[in-house]
Amino acid sequence: MTPSQQPPSAGARSLTGQEPLFIVLNTGSGRGDAQTLQDTVRRILDEAGRRYELIPVEDPSRLVESARAAVRRAQEERGVVIAAGGDGTLNAVAGTVLGQGVPFGILPQGTFNYFGRSYGISQDTETALRGFLQGQPRPVQVGQLNGRLFLVNASLGLYPQLLEDREAYKQKYGRSRLVALWSGLVTLLRAPRQLSLMLDYEGKARTLRSPTLVVGNNKLQLEHVGIPSEELGHGRLIAMAARPVGTLALYGLLLRGLASRLGDAEHVVSFAFDRLTVGVRGRRRVKVAMDGEISWMDTPLEFKVAAERLPLVVPADPQYLDRS
Ligand SMILES: Nc1ncnc2c1ncn2[C@@H]1O[C@H](COP(=O)(O)OP(=O)(O)OP(=O)(O)O)[C@@H](O)[C@H]1O
């Protein structure tokens, strides 16, 4: 049997430490210098005597194409695909890895790095890479929106707007969590539009007027905004929406959310599901954000837990675990 004929679950095979590594690296991610990052990766892998190929991507519109080529090589040579970048980059590479029988490693380089942080994978490249070198794959749950993967969250309405404005602020004022917070406040000063949502899940149909709907697959982020996350990860995702409130109350609610106390608010509805269909009255297409990247999608939207798990390589030795 050739590697490409292996069943998809073979991606969770144990690593021997001899696999060649195909590293897709977004040179535009994070605040650090991409050259320093590449030098660090080369130094550690040369020292460890590992065979590897660095695939730097300068134009992010070519990320998926580069990731597909890396997956093909990894299938042919029983290798591992590693993504280096922010959650957007990890999303693009993970989307090509899922179901292909190839283990997946990450070197988080973004601003928030919710995905890596929730599995204890360090934002420090050296620690993350050393952790990878002695790590093993673990199957992790990912979500899908209309068939496209998300690692951390997928959303529509106000939340994608917040992200789009944040990106514009980032271009102007640089990358920091403070700039992200400030741009969020500015977005809220413009009156957000209410959406008429028709939700269908677990055999229930309900309608909801809300400026935004966010579906989360990340415990850390849910805990950060104060939403209960116990049901997450057992084949369930968590949806959050603001109940219909006046504009002024909405500002209060969203400010509380930015201050990490969204879950306290009686105006937030959240529920767990394995499959959720969302219609949006009067809209055939809506703007959505998936792991921070914005795109347009046809309605109705279908959110679900992906049937396949992603074989994420996580550090086996606790000295490399980093939850900061
Ligand atoms: N799937 C994708 N398709 C097109 N462009 C992408 C994709 N993923 C990321 N990008 C772009 O690549 C650049 C780097 O994104 P990435 O999310 O990797 O890092 P970041 O922006 O530093 O992280 P953060 O979102 O945490 O600030 C951004 O300009 C982003 O828009």
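Residues numbered from 1 in each chain as written. Predicted model: local features only at pLDDT ≥ 70, side-chain atom pairs only at ≥ 80, totals over all residues. Heavy atoms only, no water.

### Side note on the overall build of the protein chain
Right, on to step 1. A count of helices and strands for the protein chain gives nine helices and 18 strands.
Right, on to step 2. The 324 residues of the protein chain split such that 53% are buried.
Right, on to step 3. Considering only contacts in the protein chain between residues 6 or more positions apart, those separated by 24 or more positions represent 74%.
Right, on to step 4. Summed over its atoms, the accessible surface of the protein chain is roughly 14900 Å², and 49% of this surface lies on carbon and sulfur atoms. (Helix = DSSP H or I, 4+ residues; strand = E, 2+ residues; numbered from the N terminus. Buried < 20%, exposed > 50% of the residue type's maximum accessible area, 1.4 Å probe, protein only. Contact = heavy atoms within 4.5 Å. Areas by Shrake-Rupley, 256 points an atom, 1.4 Å probe, with all protein chains shown as cover.)

### A word on the domain arrangement of the protein chain
Right, on to step 1. You can read the domains of the protein chain as domain 1 (21-140) and domain 2 (149-157 + 194-305).
Right, on to step 2. Residue-level contacts link eleven residues of domain 1 with eleven residues of domain 2.
Right, on to step 3. When domain 1 packs against domain 2, close to 960 Å² is buried across both sides, 70% of that on carbon and sulfur atoms.
Right, on to step 4. Ranking the residues of domain 1 by area buried against domain 2 places N91, Y114 and F115 at the top, with a combined share of 56%.
Right, on to step 5. Taken together, domain 1 and domain 2 are joined by zero salt bridges.
Right, on to step 6. Put simply, domain 1 and domain 2 have four residue pairs in polar contact (both at pLDDT 80 or more) between them.
Right, on to step 7. If you list the elements that add at least two residues to the side of domain 1 that touches domain 2, you get α3 (87-97) and α4 (114-118).
Right, on to step 8. Among the elements that line the side of domain 1 that touches domain 2, the one with the most residues is α3, at six residues. (Domains from an automatic or database assignment. Buried area = accessible area lost by both parts, 1.4 Å probe. Salt bridge = Lys/Arg side-chain N within 4 Å of Asp/Glu carboxyl O. Polar contact = N/O pair within 3.5 Å; in protein donor to acceptor, adjacent residues only side chain to side chain.)

### Quick look at helix α5 (residues 125-133)
Right, on to step 1. Turning to α5, its buried residues number three or more, namely T125, A128, L129, G131 and F132. Buried residues of α5, seen end-on, are gathered within an arc of 160° and therefore sit on one face of the element.
Right, on to step 2. Residues of α5 that are buried in the fold lie against β1 (21-26), α1 (34-47), β3 (80-85), β4 (104-108) and β18 (310-314). (Arc of directions from axis to C-beta.)

### Overview of the UniProt feature "domain: DAGKc" (unreviewed entry) in the protein chain
Right, on to step 1. Per the UniProt record, the feature "domain: DAGKc" (unreviewed entry) sits at residues 16-149.
Right, on to step 2. The span residues 16-149 carries 40% helix and 25% strand; its end-to-end C-alpha distance comes to 28 Å. (UniProt positions renumbered as here; feature names shortened; annotations may be inferred.)

### Observations regarding the environment of G147
Right, on to step 1. Following the sequence through the fold, G147 ends up in the loop between β6 (143-145) and β7 (148-150).
Right, on to step 2. With relative accessibility at 53%, the residue G147 sits in the exposed group.
Right, on to step 3. Residues G147 and E302, 155 residues apart in the sequence, show an inter-C-alpha distance of 8.0 Å.

### Describing the sheet that holds strand β9 (residues 195-201)
Right, on to step 1. Spatially, β7-β6-β17-β14-β9-β10 is the arrangement adopted by the six strands of the open sheet, whose pairing is antiparallel. The sheet terminates laterally at β7 and β10 (204-210), the two strands that pair on one side only. Looking at each pair of strands side by side, their axes are set apart by 25° on average, direction ignored.
Right, on to step 2. As paired elements, β9 and strand β14 (residues 275-280) share five bridges and run antiparallel to each other. In the sheet register, Y201 faces β14, and the bridge partner there is L276. (Pairing = 2+ DSSP bridges. Axes fitted to C-alpha atoms, helices over the stretch in contact; angles between N-to-C directions.)

### Quick look at the sheet that holds strand β12 (residues 237-242)
Right, on to step 1. The strand order across the open sheet formed by six strands is β13-β12-β11-β8-β15-β16, and the pairing between neighbours is antiparallel. If you trace the sheet from one side to the other, it starts and ends with β13 (268-273) and β16 (293-298), each paired once. Looking at each pair of strands side by side, their axes are set apart by 25° on average, direction ignored.
Right, on to step 2. Bridge analysis of strand β11 (residues 212-216) against β12 gives four bridges, and the strand direction is antiparallel.

### Notes on helix α6 (residues 158-173)
Right, on to step 1. With 16 residues, α6 extends 22 Å from end C-alpha to end C-alpha; this agrees with the ideal 22 Å at 1.5 Å per step.
Right, on to step 2. The set of residues buried in α6 consists of L158, P160, L162, L163, D165, R166, Y169 and K170. (Expected span 1.5 Å × (residues − 1).)

### A word on the packing of α1 against α5
Right, on to step 1. It is at 10 Å that the axes of α1 and α5 come closest, and there the two elements cross at 35°. Relative to α5, α1 is oriented so that their crossing is right-handed. Every residue of α5 that contacts α1 at L37, T40, V41, R43, I44, L45 and E47 is listed here: T125, E126, L129, R130 and L133.
Right, on to step 2. Here the contact of α1 with α5 is composed, by residue class, of six nonpolar, two polar and four charged. (Left-handed = near helix turned anticlockwise from the far one by under 90°. Nonpolar A, V, L, I, M, F, W, Y, C, P; charged D, E, K, R; others polar.)

### Let's talk about unusual backbone geometry
Right, on to step 1. In this chain, T299 is followed by P300 through a cis amide linkage whose omega measures -5°.
Right, on to step 2. With respect to the helices, strands and loops of the structure, P300 is situated in the loop between β16 and β17 (301-305).
Right, on to step 3. Although it is not a glycine, N146 sits at a positive phi angle of roughly 45°.
Right, on to step 4. For N146, the position within the fold is in the loop between β6 and β7.
Right, on to step 5. In the Ramachandran plot, E202 falls in the positive-phi region, its phi being about 45° despite a non-glycine side chain.
Right, on to step 6. Along the polypeptide, E202 turns up in the loop between β9 and β10.
Right, on to step 7. Taking the relative accessible area as the measure of exposure, E202 reaches 39% and is therefore partly exposed.

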